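Now for the letters of each chain:
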Amino acid sequence: MTTTLEAPPGGAPERTARVANPLGRRVLLAVAAPLAAAVFALLVSSIALLASGNPPLEVYSKMLTDGTQLRSVLITINNAVPLYLAGVAVAIGFRMALFNIGVEGQYALAALLAASVGAAVNLPGALHIGLILLVAVAVGASWAGVAAVLKVTRGVSEVISTILLNVIAAGIAAYLLAEHLQERVEGSNNSATPPLPESARFPNLNGLLDGLGITAPQGTNLGGFVLVAIAVGVLYWVLVNRSLFGFEMKAVGINPFAARASGVHTKRTTVITLLLSGGVAGLVGLAQVLGTSYSYGLSFTAGLGFTGIGVALLGRNSPVGIAFAALLFAFLERSSSTLQFIDVPTEIYVIMQGSIVLSVVVAYEAVRRIAATQAERAVRHATEGSAA
Amino acid sequence: MTVAGSPSPSLATPESAHAPKRRFGGWQKVGLITLGLLALLSLTRAISGLDEITSSGTAGAALRLAVPIGLAALGGLWAERAGIVNIGLEGMLILGTWFGAYVGFEVGPWWGVLAGLAAGAVGGLLHAIATVTFGVDHVVSGVAINLLGAGVAQYLSQVFYGDGQIPGAGPTQSAVVSPLPDVSLPLLSSGPDLLRDLEDTGLFFLSDAAGILGGLTRDVSLLTLLAVLLVPFSFFVLWRTSFGLRLRSVGENPVAADSLGVAVYRMKYAAVVISGAMAGLGGASLIIGSIYREGQTAGRGFIGLAAVIFGNWRPGGLAAGAGLFGYADALQLRAGNAVRGLLLLVALLLVVVAIVQLVRRRLPMVVAALGIGIAFFLWYSVVDSVPTQLVGFTPHLVTLVVLAAASQRLRPPAADGQPYRRGQQS
């Protein structure tokens with residue numbers, strides 16, 4: 001991973017020259033990869049289901065019916081929000097071939113400190129939430145900053161440093177929670193930070209749903225944090241497609257030497273990219289802190305950082321693609337949760353997620369190669385034709 | 001995998017400058033460092049009075065805890081020497097634990113070891129198909145395999161153990177696998193157990209050495225022995241056979257290797273499958289005499305990868321790295337308060353560093369080492385114990401510091417992590 005000459009992972013299709021490639025074939029190629037991947041993933045999960053003596057079709061149809069009920073849809077959207085943020089955080093790094101595997105540690109520390117600060121101060125609503133967001137972003141960015149500094153000053157690969165920093169962050173978070181930040185509740189074993197006051201709780205969007213003529217079922221709601229995710233998505237789109245910095249990121253990712261030669265500060269770009277990635281990572285845990293649990297405790301959701309890598313890969317680093325990927329992952333998890341009633345282990349969704357990611361990356365790489373060979377052939381054909 | 005901004009030129013110089021010296025005194029140097037470390041440990045034990053620092057119990061536990069990490073690290077070494085980064089070690093480790101525990105309980109512990117090894121190898125094969133045949137980015141494929149490995153283990157646990165038909169097993173854990181036989185050194189650590197007698201005398205240095213040696217040789221599981229032997233075995237195969245030379249040439253310069261007739265793809269496949277098998281064996285080592293539990297690997301695959309880098313992509317180095325992780329773990333598990341002794345050990349180590357730097361006349365380094373050393377000593381003298389949560393990541397922090405300090409001098413295989421396609425010079 002030293003001097004990465006290859007395209008950013010998750011790949012830049014831009015690289016495959018679009019010369020003289022008929023539109024029809026291009027569309028076919030673009031559709032081929034996700035289609036092949038979906039078929040393969042279904043195949044793997046079907047084998048897993050058959051091996052455990054369950055009829056795959058019945059399972060899939062149950063997942064489809066249960067997963068599309070309004071209640072499930074709302075829960076899916078809510079669960080997709082942190083996955084989306086984690087996916088974007090990872091994708092920002094991927095844009096310049098940086099692997100931020102440390103999202104896990106970044107969001108744990110950020111959620112803990114943001115929840116503590118939020119519980120300690122008292123401010124009017126918007127300001128209060130703003131402060132919590134700010135703390136989370138700052139903490140996430142600084143933790144990623146450690147990896148960034150180690151990379152540009154000492155040449156330590158971010159892959160390994162962020163893995164190590166994950167463990168260190170988990171240790172620090174556990175220590176801070178147990179020794180300094182937890183609120184002891186009589187008769188309860190669960191150690192957690194003090195609950196956030198009303199002013200710091202993110203409003204839900206049930207009112208909006210009512211306006212649309214949809215009534216959220218009893219006990220469910222559409223979390224307001226989805227707005228933050230959308231805002232982050234829009235900003236990410238602007239960054240990638242409409243900003244000079246986004247262009248520089250991509251340039252460094254594809255060819256750091258060429259980028260440096262054309263005047264891009266590669267080190268500065270690296271640091272800023274990792275800070276941005278960590279900043280977004282800091283927001284991952286806040287959907288839960290501000291929307292449902294109102295505190296950070298031992299039972300706080302872990303593992304989103306690693307799932308986020310899968311989401312980013314599946315979404316091909318595109319703001320919209322990651323949204324679909326996050327929704328798909330959340331849908332699989334939600335819709336499999338009722339499978340236990342027909343005696344199918346709910347864990348089938350983890351296998352589905354894993355096989356989807358693996359087959360998607362393989363399929364895209366295969367298609368990229370086919371497209372590249374075709375483009376090459378087309379160029380050769382065209383140049384030979386003009387020479388003759 | 002790690003590394004330097006500018007590749008070969010800057011790295012070539014120190015390497016070639018050091019080479020003759022290393023050849024001249026390699027073994028003496030290792031021996032000297034081992035003796036020095038032992039002396040420092042004894043000194044730490046004597047000053048702090050924390051006997052656990054060099055007790056045979058700690059040493060034995062350290063060895064046991066180092067085994068899965070060391071095997072994962074060997075897996076990383078095999079793959080990376082052939083140019084394939086294997087982040088999927090964690091997933092292969094998990095596969096090893098699950099299948100090892102299932103077969104180990106149903107058939108017998110040795111079959112469990114074999115099953116773990118085979119399951120890991122299948123994970124490796126999957127990684128090889130994705131990275132070698134399809135050219136998928138190595139880290140990407142590894143991440144996917146980690147997701148998949150964890151998913152398969154969770155799912156299978158539900159299927160096979162979820163109904164509670166096997167006593168002791170449940171949706172997230174297996175039944176107990178019987179242990180493998182233990183061995184000890186005759187006379188020295190069994191029977192008359194001379195090392196134990198020496199350890200009990202409490203003599204400075206001698207009893208410490210006896211404690212550590214006794215711990216490392218008393219009641220050692222055959223699987224542990226096998227794991228330890230795999231380190232020199234890997235060295236021998238990779239550095240002393242033509243197969244190893246070919247395998248490493250693929251990791252250094254696949255294009256050149258190909259032009260000399262080395263079957264690059266086949267070599268990479270072999271390396272990654274062996275890598276997975278090692279990781280699977282590491283998984284099996286966790287469950288033999290114990291059970292499979294969800295999440296029990298706890299990132300050991302990643303730590304193994306860190307140990308590879310810590311050890312500069314060499315078997316001896318990664319064994320030392322795994323030993324360090326195992327020791328810190330053991331100390332924390334056996335006697336939380338003894339961890340305070342580590343602070344003193346670090347202070348003493350830094351004093352040694354300061355002396356070395358003084359000889360080399362690098363004054364800023366002397367001041368820095370002494371300053372940090374004194375800080376550690378003060379920390380040691382004011383606290384009664386170090387919070388366990390912080391101790392848990394000591395080895396990770398040490399690895400990070402070592403990487404930061406030495407990453408310029410580390411030398412990964414030149415083509416590590418790069419995709420290779422026959423006929424394309426990328």
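On a predicted model such as this, the values are computed, not experimentally measured, just so you know.

Analysis parameters
- Residues numbered from 1 in each chain as written.
- Chains lettered and ligands numbered in written order.
- Predicted model: local features only at pLDDT ≥ 70, side-chain atom pairs only at ≥ 80, totals over all residues.
- Heavy atoms only, no water.
- Helix = DSSP H or I, 4+ residues; strand = E, 2+ residues; numbered from the N terminus.
- Rg over C-alpha atoms; globule rule 2.2 N^0.38 Å.
- Areas by Shrake-Rupley, 256 points an atom, 1.4 Å probe, with all protein chains shown as cover.
- Buried < 20%, exposed > 50% of the residue type's maximum accessible area, 1.4 Å probe, protein only.
- Expected span 1.5 Å × (residues − 1).
- Polar contact = N/O pair within 3.5 Å; in protein donor to acceptor, adjacent residues only side chain to side chain.
- Core = buried A, V, L, I, M, F, W, Y, C linked by side-chain atoms within 4.5 Å.
- Contact = heavy atoms within 4.5 Å.
- Buried area = accessible area lost by both parts, 1.4 Å probe.
- Nonpolar A, V, L, I, M, F, W, Y, C, P; charged D, E, K, R; others polar.
- pLDDT = per-residue confidence, 0-100.
- Phe/Tyr/Trp six-rings, centres within 6.5 Å; stacked < 30°, edge-to-face > 60°.
- Axes fitted to C-alpha atoms, helices over the stretch in contact; angles between N-to-C directions.
- Left-handed = near helix turned anticlockwise from the far one by under 90°.
- Patch = residues over 30% accessible without salt bridge, like charges linked within 9 Å, V, L, I, M, F, W, Y side chains within 5 Å.
- Salt bridge = Lys/Arg side-chain N within 4 Å of Asp/Glu carboxyl O.
- Lys, Arg positive; Asp, Glu negative; His and termini not counted.
- Charge placed at Lys NZ, Arg CZ, Asp CG, Glu CD.
- Parallel < 35°, antiparallel > 145°, perpendicular 65-115°, else oblique.

1. Some remarks on the overall build of chain A
Turning to step 1, where the next piece is worked out: Looking only at helices and strands, chain A has 15 helices and zero strands in total.
Turning to step 2, where the next piece is worked out: Rg of the C-alpha trace for chain A: 23 Å, near the compact-globule value of 21 Å for 388 residues, within the 12% margin.
Turning to step 3, where the next piece is worked out: Accessible area of chain A: about 16800 Å², with a carbon and sulfur share of 65%.

2. Considering the overall build of chain B
Turning to step 1, where the next piece is worked out: The secondary structure content of chain B amounts to 17 helices and two strands.
Turning to step 2, where the next piece is worked out: Taking 22 Å as the expected radius of gyration for a compact globule of 426 residues, we find that chain B reaches 22 Å, a close match to that expectation.
Turning to step 3, where the next piece is worked out: Summarising its shape, the C-alpha atoms of chain B cover approximately 60 × 60 × 40 Å along the three principal directions.
Turning to step 4, where the next piece is worked out: Going through the 426 residues of chain B one by one, you find that 52% of them count as buried.
Turning to step 5, where the next piece is worked out: Approximately 18400 Å² of chain B is accessible, and the part contributed by carbon and sulfur atoms is 68%.

3. A word on helix 5 (residues 138-161) of chain B
Turning to step 1, where the next piece is worked out: In this model, helix 5 of chain B (24 residues) spans 33 Å end to end at C-alpha, consistent with the 34 Å of a helix rising 1.5 Å per residue.
Turning to step 2, where the next piece is worked out: Here helix 5 of chain B starts with a cap whose side-chain oxygen sits 3.0 Å from the backbone nitrogen of B:Val139, and that cap is B:Asp137.

4. Comments concerning the nonpolar core
In globular proteins that are soluble, nonpolar side chains generally tend to be buried together.
Turning to step 1, where the next piece is worked out: Counting residues in hydrophobic clusters, the biggest one holds 191 residues, and the most contacted among them are A:Leu85, A:Phe225, A:Leu286, A:Tyr296 and B:Ile87.
Turning to step 2, where the next piece is worked out: Of all the elements, helix 15 (residues 348-387) of chain A adds the most residues to this core, at 14 residues.
Turning to step 3, where the next piece is worked out: If we skip the residues at most four places from it in the chain, A:Leu286 touches A:Ala114, A:Ile132, A:Leu133, A:Ala136, A:Phe225 and A:Gly291.
Turning to step 4, where the next piece is worked out: Counting 24 residues, the second-largest nonpolar core is a separate cluster that includes B:Leu40, B:Ala338, B:Leu344 and B:Tyr380.

5. Details of the interface of chain A and chain B
Turning to step 1, where the next piece is worked out: Each partner contributes residues to the interface: chain A has 49 residues there, and chain B has 50 residues.
Turning to step 2, where the next piece is worked out: Between chain A and chain B lies a buried interface of about 4500 Å² when both sides are counted; carbon and sulfur atoms form 75% of it.
Turning to step 3, where the next piece is worked out: Inspection of the chain A/chain B interface yields five residue pairs in polar contact (both at pLDDT 80 or more).
Turning to step 4, where the next piece is worked out: Put simply, the parts of the chain that give the side of chain A that touches chain B at least two residues each are helix 1 (23-51), helix 5 (125-154), helix 6 (158-181), helix 13 (304-314) and helix 15 of chain A.
Turning to step 5, where the next piece is worked out: When residues of the side of chain A that touches chain B are assigned to their parent elements, the largest contribution, 14 residues, is made by helix 6 of chain A.
Turning to step 6, where the next piece is worked out: Along the lines of polarity and charge, the residues of the side of chain A that touches chain B split into 31 nonpolar, twelve polar and six charged.

6. Section: the confidence of the model for chain A
Residues and elements named next belong to chain A.
Turning to step 1, where the next piece is worked out: For chain A, the mean per-residue pLDDT works out to 86, and 92% of the residues sit at or above 70.
Turning to step 2, where the next piece is worked out: The secondary-structure element of chain A with the lowest mean pLDDT is helix 1, recorded at 81, while helix 11 (residues 266-283) shows the highest, at 96.
Turning to step 3, where the next piece is worked out: Across residues 1-8, where pLDDT falls below 50, the model places 34 contacts with residues more than four positions away in sequence or in other chains.

7. A few points about the packing of aromatic side chains
All names here are of chain B.
Turning to step 1, where the next piece is worked out: Overall, the coordinates contain 14 aromatic pairs over all chains when judged by the stated rule.
Turning to step 2, where the next piece is worked out: Consider the rings of Tyr-102 and Tyr-161, whose centres lie 6.4 Å apart with planes at 45 degrees: the pair is tilted. Taken together, the positions of Tyr-102 in helix 3 (residues 89-106) and Tyr-161 in helix 5 put the pair 59 residues apart, joining distant regions of the chain.
Turning to step 3, where the next piece is worked out: Given a relative accessible area of 22%, Tyr-102 falls into the partly exposed group.

8. Quick word on the packing of helix 4 (residues 109-133) of chain B against helix 5 of chain B
Residue and element names in this part refer to chain B.
Turning to step 1, where the next piece is worked out: Interaxial distance between helix 4 and helix 5 falls to 10 Å at its minimum, and their mutual angle equals 145 degrees. Relative to helix 5, the crossing made by helix 4 is right-handed. Two secondary-structure elements touch here, helix 4 through Gly-123, Leu-126, His-127, Ala-130 and Thr-131 and helix 5 through His-138, Ser-141, Gly-142, Ile-145 and Leu-148.
Turning to step 2, where the next piece is worked out: Here the contact of helix 4 with helix 5 is composed, by residue class, of four nonpolar, six polar and no charged.

9. Digging into the environment of A:Ile129
Residues and elements named next belong to chain A.
Turning to step 1, where the next piece is worked out: When you line up the elements, Ile-129 lands in helix 5.
Turning to step 2, where the next piece is worked out: Distance in space between the C-alpha atoms of Ile-129 and Leu-290 is 8.2 Å, their sequence separation being 161 residues.
Turning to step 3, where the next piece is worked out: If sequence neighbours within four positions are ignored, Ile-129 has contacts with Ser-199, Ala-200, Arg-201, Phe-202 and Leu-290.

10. Focus on a positive patch on the surface
Residues and elements named next belong to chain B.
Turning to step 1, where the next piece is worked out: Taken together, the side chains of Lys-29, Arg-360, Arg-362 and Arg-409 define a basic patch exposed on the protein surface.
Turning to step 2, where the next piece is worked out: Looking at the element boundaries, Arg-360 is found in the loop between helix 14 (340-359) and helix 15 (363-382).
Turning to step 3, where the next piece is worked out: Of the residues examined, Arg-360 reaches a relative accessible area of 53% and is grouped as exposed.

11. Focus on the packing of helix 8 (residues 222-240) of chain B against helix 11 (residues 264-287) of chain B
Residue and element names in this part refer to chain B.
Turning to step 1, where the next piece is worked out: The N-to-C vectors of helix 8 and helix 11 enclose an angle of 155 degrees; their axes lie 10 Å apart at closest approach. Compared by their axis directions, helix 8 and helix 11 come out roughly antiparallel. Here the hand of the crossing between helix 8 and helix 11 comes out left-handed. Judged by residue contacts, Leu-223, Leu-226, Leu-230 and Ser-234 of helix 8 engage Met-278, Leu-281, Ala-284 and Ser-285 from helix 11.
Turning to step 2, where the next piece is worked out: For the contact of helix 8 with helix 11, a count of residues per class yields six nonpolar, two polar and no charged.

12. Examining the pattern of salt bridges
Residues and elements named next belong to chain A.
Turning to step 1, where the next piece is worked out: As enumerated under the stated definition, the model contains eleven salt bridges over all chains in all.
Turning to step 2, where the next piece is worked out: Measuring nitrogen to oxygen at the nearest pair gives 3.0 Å for the salt bridge that ties Glu-365 to Arg-368. Of this pair, Glu-365 and Arg-368 both sit in helix 15, three residues apart, which is roughly one turn of that helix.
Turning to step 3, where the next piece is worked out: According to the relative accessible area criterion, Glu-365 is buried, its value standing at 15%.

13. What to know about the side chain of B:Asp137
Turning to step 1, where the next piece is worked out: If you trace the backbone, B:Asp137 turns up in the loop between helix 4 and helix 5.
Turning to step 2, where the next piece is worked out: Here B:Asp137 sits buried without a salt bridge, and the closest side chain of opposite charge, A:Arg368, lies 10 Å off (N-O distance).

14. Here's the deal with helix 12 (residues 286-293) of chain A
Turning to step 1, where the next piece is worked out: Looking at helix 12 of chain A, one finds that the buried residues are A:Leu286, A:Ala287, A:Gln288, A:Val289 and A:Leu290.
Turning to step 2, where the next piece is worked out: Note on helix 12 of chain A: the residue one or two positions beyond its end, A:Tyr294, has a positive phi of about 60 degrees.

15. Here's the deal with the confidence of the model for chain B
Residue and element names in this part refer to chain B.
Turning to step 1, where the next piece is worked out: Taken over all residues, the pLDDT of chain B has a mean of 85, while the share at 70 or more is 93%.
Turning to step 2, where the next piece is worked out: Counting interchain partners and residues more than four positions distant, the pLDDT-below-50 stretch residues 1-24 has 33 contacts.
Turning to step 3, where the next piece is worked out: ipTM for the predicted complex: 0.83, alongside a pTM of 0.86.

16. Considering the environment of B:Gly323
Turning to step 1, where the next piece is worked out: Topologically, B:Gly323 is positioned in helix 13 (residues 315-334).
Turning to step 2, where the next piece is worked out: Distance from B:Gly323 to B:Ala62, taken between C-alpha atoms, is 6.9 Å for residues 261 residues apart in sequence.

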